[in-house]
Structures are given as C-alpha cells and as structure tokens.
Amino acid sequence: MTRTIHVAHSPDSDDAFMFYALAEGKIDTGNLRYVHELSDIESLNRRALDGSLEVTAVSIHAYAYLADKYALLNSGSSMGDKYGPRLVSTKPAPADPRAASKGKRIAIPGKLTTAFLALKLYQPDFEPVVTPFDQIEDAVLAGKVDLGLLIHEGQLTYQDQGLHLWADMGEWWFQDTGLPLPLGGNVVRRDLGPEIVAQVARDLKASIVYALEHRSPALAHAKQYNRGIGDERTDTFVGMYVNEWTVDYGDRGREAVRQLLKRGHEAGIIPHPVQVEFVG
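Every value quoted in this text rests on a predicted model; they were computed, and no experiment measured them.

## What about the overall build of the chain?
Counting secondary structure elements, the chain contains 14 helices and 12 strands. Taken over the C-alpha trace, the chain has a radius of gyration of 18 Å; the compact-globule value for 280 residues is 19 Å, and the two agree within 12%. Each principal axis of the C-alpha distribution contributes one length, and for the chain these read about 60 × 40 × 30 Å. Each of the 280 residues in the chain was classed as buried or not, and the buried ones make up 57%. Across the chain, every contact between residues at least 6 apart in sequence was considered, and the portion connecting residues at least 24 apart equals 77%. Surface exposure of the chain reaches about 11600 Å², of which carbon and sulfur atoms provide 48%. Between the centroid of the 29 positive side chains of the chain and the centroid of its 37 negative side chains there is a distance of 4 Å.

Written out as structure tokens, the structure reads:
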C-alpha cells in the first residue's frame, strides 16, 4: 500500500534545493509518496506545535517545544558556519554594537526562530517586534524599528538597501563557542513508527545527496524560489545552507544543537531542559 507523507518546508531556494529529488521523483521512495507544503518558517514552527505535520522543517529553537512529538532527522540541517542571521541598521555600526542594541526596538522574524534565540543570547535586553521575514528590511528603512534581524536572502541583500551590519549571530556564536550555529532542521513525527521514520530519514538524506551530486538541475529547480536575488546569489545562498552539514550533522553539529538549547535554557529563554534525539 502506498502511504502519503506530507512534507512541509519554507519557500526558499535552499529548502527547494534539498527537496528537489523528492519533489521531482528523482529517487525511489518505495511505498511512500511525498506531498510538499510550503510556508514560512515561523508558520511551520507554530503548526508543528500541535503535531499536525508529519515531516517538517523547523527552527532549532522551536524544537525545544516539539521534542515530545518529533525527533530531529540527522539530515536536513541549516548550519551557519561562522555566519548566520544578521543584525542591521540604517546607521553604521558603533564601537560596541552589543551594548548599543540594548533597549532597542528590533524587528525579528518570529519568537520561535533560532535567529530570535541567538539574538536573546547575544543581547537579552531589547524590544522584539515580530515582523514577516521579508518585510524586515523595509521596516528598518522606514524607521518603524531601530534594528532588524535578517534571515534567508536578506543576509545577502541588506547592503543593496544601504543598510549596515551591526552583528552576525553566526560569527558571534562561533567566537563564543567554536561551533557552527544550528539554525534549522527537519523533524519527523515519532508516532509514524520506527520503520516509516527510518525510511523518511533515508529518503531525505538521499534527496540531499542527489541534489549535491546534480547541482545544476537542482539549482535550476531552486531558483524559482529565490525571491529575485539572481542565479549567482542563489548559488551562494544554497551553498551557505546546503552542504556537508546538511547531509549529516556530524558530532560537532549535534553538539552545537545541544549547546544552543542548553544555553537557551540556562538563560531562562527556554523554560525547560531539552533532550535532543536524532534519528537516521
């Protein structure tokens, strides 16, 4: 019998790239048929809270509230290796951006995003203004907020808008921990059972490996989701977030996830300790 598995992910070029082989039927998935749903990451985080999604991309921060229902798939991570969400302003960076951002109104892409968690660890005292991720640059330019925390393509385009970088959360995290910043991952609902969970894990890993081995057609598929950044920047962006970390977290990647959630709990941002389970 064929079983349908709903896979939800962001409408971004990096997610499109890693799911290319699944979406286009390039790999044998046996009796599983995958149906794709696209939504912004904060919406996916919220939907996963009620367990309605079988397989979904989520923020690592959100996983703190999902661990009872979902396990982290060992493939599909988005790691910022010395780069990540970027804090920007219309004003040039001061000598001490961390201190200068204290008390400021900062546009964030959602309170369950890892970007928000990283920023709270960097500077605990600010006023978050939840803003759709693709409207944050405009909010900063319009003076609605003092600073904006950019994810996705905004990490590459902010200078085009005349904005100035104050801090890169991935760079700060690396300087503090020596680890990459684990931004997002893919989770699978535990109640699917061990056999289906194992097959989903195999299929997702195979899809990522296929895309990396067939980069040109996978990029051609991904660029329809690039939100106008052009082919060259799409290639750059995909390379930032679909790489060897995405195939497998590895020991450092798994430690990075545990450290981020541990520090979030120790700082009082996450109200409980988180037991992280990786599958596949």
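## A short note on the side chain of Glu42
Here Glu42 shows up in helix α3 (residues 41–49). Among the residues examined, Glu42 registers a relative accessible area of 10% and is labelled buried. Within the structure, the side chain of Glu42 is placed 3.3 Å from the backbone nitrogen of Leu112, a separation counted as a polar contact. Ignoring sequence-local partners within four residues, the contact set of Glu42 consists of Pro109, Gly110, Lys111, Leu112 and Thr113.

## Considerations on the nonpolar core
For soluble globular proteins, the rule of thumb is that nonpolar side chains tend to be buried together. Within the largest apolar cluster, 58 residues are counted, with the highest numbers of intra-cluster contacts made by Tyr63, Leu72, Leu87, Leu119 and Leu261. By residue number, the principal contributor to this core is helix α6 (residues 114–122), which donates 7 residues. Excluding residues that lie within four positions of it along the chain, Leu87 makes contacts with Ser101, Ile106, Leu119, Tyr122, Leu147, Gly148, Leu149, His164, Leu165, Trp166 and Ala167. Counting residues in each nonpolar core, the second largest holds 32 residues, with Val7, Leu32, Val197 and Val200 among its members.

## A look at the pairing of strand β4 (residues 70–73)
Pairing analysis gives 3 bridges linking β4 to strand β11 (residues 181–189), with the strands arranged antiparallel. Across the sheet, the residue bridging to Ala71 is Val188, located in β11. For β4 and strand β12 (residues 278–279), the ladder comprises 2 bridges, and the chain directions are parallel. Following the sheet pairing, Leu73 is matched in β12 by Val279.

## Observations concerning the packing of helix α9 (residues 169–177) against helix α14 (residues 250–266)
Axis separation between α9 and α14 bottoms out at 13 Å; the angle between their running directions is 95°. Here α9 lies roughly perpendicular to α14, going by the angle between them. Residue-level contacts link Trp173, Phe174, Asp176 and Thr177 of α9 to Arg252, Ala256, Gln259, Leu260 and Arg263 of α14. Its residues assigned to classes, the contact of α9 with α14 shows 4 nonpolar, 2 polar and 3 charged.

## Some points on α14
Between its first and last C-alpha atoms α14 spans 24 Å; for 17 residues at 1.5 Å apiece the expected length is 24 Å, and the two agree. Positive backbone phi, approximately 80°, marks Gly268, located one or two places after α14.

## Focus: the pairing of strand β8 (residues 127–130)
In the sheet, strand β7 (residues 105–108) pairs with β8 via 4 bridges, with the strands oriented parallel. Its bridge partner lying in β8, Arg105 is registered against Glu127. In this region the chain leaves β7, passes through α6 and returns to the parallel neighbour β8; the handedness of that crossover is right-handed.

## Some remarks on unusual backbone geometry
Non-glycine residue Lys82 carries a positive phi angle of around 75°. Inspection of the secondary structure puts Lys82 in the loop between β5 (78–80) and β6 (86–89). We note that His152 has phi near 55°; this positive angle belongs to a residue other than glycine. For His152, the location among the structural elements is in the loop between β9 (147–150) and α8 (154–157). Residue classification places His152 among the buried positions, given a relative accessible area of 12%.

The rules behind the values
Residue numbers run consecutively from 1 along every chain, following the written order of its sequence. Owing to the predicted nature of the model, reporting of local features is limited to residues with pLDDT of at least 70; listing and counting of side-chain atom pairs is limited to 80 or more, with chain, interface and lining totals taken over all residues. Only hydrogens and water are set aside; all other atoms, that is, all heavy atoms of the structure, feed into the side-chain values. Put simply, DSSP marks the helices as runs of H or I at least four residues long and the strands as runs of E at least two long, and each gets a number from the N terminus on. In this treatment the radius of gyration is a C-alpha quantity, and the globule benchmark scales as 2.2 Å times the residue count to the 0.38 power. When a residue's accessible area, from a 1.4 Å probe over protein chains only, is under 20% of the maximum for its type it is buried; when over 50% it is exposed; and in between it is partly exposed. Throughout, a residue-residue contact means that at least one pair of heavy atoms, one from each residue, lies within 4.5 Å. Residue-level accessible areas treat just the shown protein chains as cover; the underlying method is Shrake-Rupley with a 1.4 Å probe. Asp and Glu count as negative and Lys and Arg as positive, but His and the ends of the chain are not part of the count. Charged side chains are reduced to one point each, which is NZ for Lys, CZ for Arg, CG for Asp and CD for Glu. Under this definition, polar contacts are N or O atom pairs within 3.5 Å; protein pairs additionally need one hydrogen-donor-capable and one acceptor-capable atom, and for neighbouring residues in sequence, both atoms have to be side-chain atoms. For this analysis, a nonpolar core means a set of buried residues of the types Ala, Val, Leu, Ile, Met, Phe, Trp, Tyr and Cys, connected via side-chain atoms within 4.5 Å. Two strands pair if DSSP finds at least two bridges between them. Interaxial angles span 0 to 180 degrees and are taken between N-to-C directions of axes, which are lines fitted to C-alpha atoms, for helices over the stretch in contact. Under this scheme an angle from 65 to 115 degrees is roughly perpendicular, one under 35 degrees roughly parallel, and one over 145 degrees roughly antiparallel; angles in between are oblique. Three classes are used: nonpolar for Ala, Val, Leu, Ile, Met, Phe, Trp, Tyr, Cys and Pro, charged for Asp, Glu, Lys and Arg, and polar for all others, with Gly counted as polar. Take the number of residues in a helix, subtract one, and multiply by 1.5 Å to get its expected span. Crossover handedness is defined by viewing with both strands directed away from the observer: a clockwise path from the first strand over the helix to the second marks the crossover as right-handed.

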